[in-house]
Amino acid sequence: MEESVTYQDIIQKGVQKGLQQGLDRGKQEGALLVVMRLLTLRLGLLDPVLQQRIEGLSITRLEELSEALLDFETVTDLAVWLDH
């Protein structure tokens, strides 16, 4: 059975899916690291509640935040952005 074409196809698809998930996870973690570093430099240490909200953002939202944070002057600016 392990030598069948169908079995090999299923295994290959599983491997590809796992690799893609790993790449996506790494990309998100990298974006999160950069965003958190930039926010800390710009606004100082963040409240743990805000940190958790940021950690829950998708890669798309993290990328949007990485651009928006350039305009932030206070932690309130960040909180308002997260609320929208």
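In the block above lies the structure referred to throughout.
Since the structure is predicted, the reported quantities are computational estimates derived from the model, not experimental observations.

### Things to note about the overall build of the protein
Here comes step 1: Across its full length, the protein holds 4 helices and 0 strands.
Here comes step 2: N-terminal to C-terminal, the α/β element order of the protein is α-α-α-α.
Here comes step 3: Radius of gyration (C-alpha) of the protein: 19 Å, far over the 12 Å computed for a compact globule of 84 residues.
Here comes step 4: Per-residue burial for the protein yields a buried fraction of 21% across its 84 residues.
Here comes step 5: Taking the intrachain contacts of the protein between residues at least 6 apart in sequence as the baseline, contacts between residues at least 24 apart amount to 61%.
Here comes step 6: Of the accessible surface of the protein, which amounts to about 6300 Å², a share of 56% is contributed by carbon and sulfur atoms.

### Quick notes on helix H3 (residues 59-68)
What sets the pattern is the α-helix's 3.6 residues per turn: residues three or four places apart point alike.
Here comes step 1: Along H3, the residues that are buried comprise Leu62, Leu65 and Ala68. An end-on view of H3 places all buried positions within 120° of arc, on one side of the element.

### Thoughts on the nonpolar core
Here comes step 1: Counting residues in each nonpolar core, the largest one holds 18 residues, and the members touching the most others are Leu39, Ile54, Leu65, Phe72 and Leu78.
Here comes step 2: Looking at this core, the elements that each hand over two or more residues are helix H1 (5-43), helix H2 (48-55), H3 and helix H4 (75-83).
Here comes step 3: At 6 residues, H1 tops the list of elements feeding residues into this core.
Here comes step 4: Residues in contact with Leu39, not counting those within four places in the same chain, are Gly44, Leu46, Ile54, Leu65, Leu69, Phe72 and Leu78.

### Section: H1
Here comes step 1: An ideal rise of 1.5 Å per residue puts 57 Å on 39 residues; H1 measures up with 56 Å between its terminal C-alpha atoms.
Here comes step 2: Inspection of H1 places Ala31, Leu32, Val35, Met36, Leu39 and Leu43 among the buried residues, and these make up the whole buried set.
Here comes step 3: Against H2, H3 and H4 lie the buried residues of H1.
Here comes step 4: Just beyond H1, the residue with positive phi is Gly44, at close to 90°.

### Considerations on the environment of Arg25
Here comes step 1: Tracing the chain through its elements places Arg25 in helix H1.
Here comes step 2: A residue is classified by how much of its surface remains accessible, and Arg25, at 53% relative accessible area, is exposed.
Here comes step 3: As for Arg25 and Ile59, which are separated by 34 residues in sequence, their C-alpha atoms are 9.1 Å apart.

### Points about the environment of Ile54
Here comes step 1: Counting through the fold element by element, Ile54 comes out in helix H2.
Here comes step 2: C-alpha of Ile54 to C-alpha of Glu29: the two residues are 25 residues apart in sequence and 11 Å apart in space.
Here comes step 3: The residues contacting Ile54, other than those within four sequence positions of it, are Leu32, Val35, Met36, Leu39, Leu46, Leu62, Leu65, Leu78 and Leu82.

Parameters at a glance
- Residues numbered from 1 in each chain as written.
- Predicted model: local features only at pLDDT ≥ 70, side-chain atom pairs only at ≥ 80, totals over all residues.
- Heavy atoms only, no water.
- Helix = DSSP H or I, 4+ residues; strand = E, 2+ residues; numbered from the N terminus.
- Rg over C-alpha atoms; globule rule 2.2 N^0.38 Å.
- Buried < 20%, exposed > 50% of the residue type's maximum accessible area, 1.4 Å probe, protein only.
- Contact = heavy atoms within 4.5 Å.
- Areas by Shrake-Rupley, 256 points an atom, 1.4 Å probe, with all protein chains shown as cover.
- Arc of directions from axis to C-beta.
- Core = buried A, V, L, I, M, F, W, Y, C linked by side-chain atoms within 4.5 Å.
- Expected span 1.5 Å × (residues − 1).

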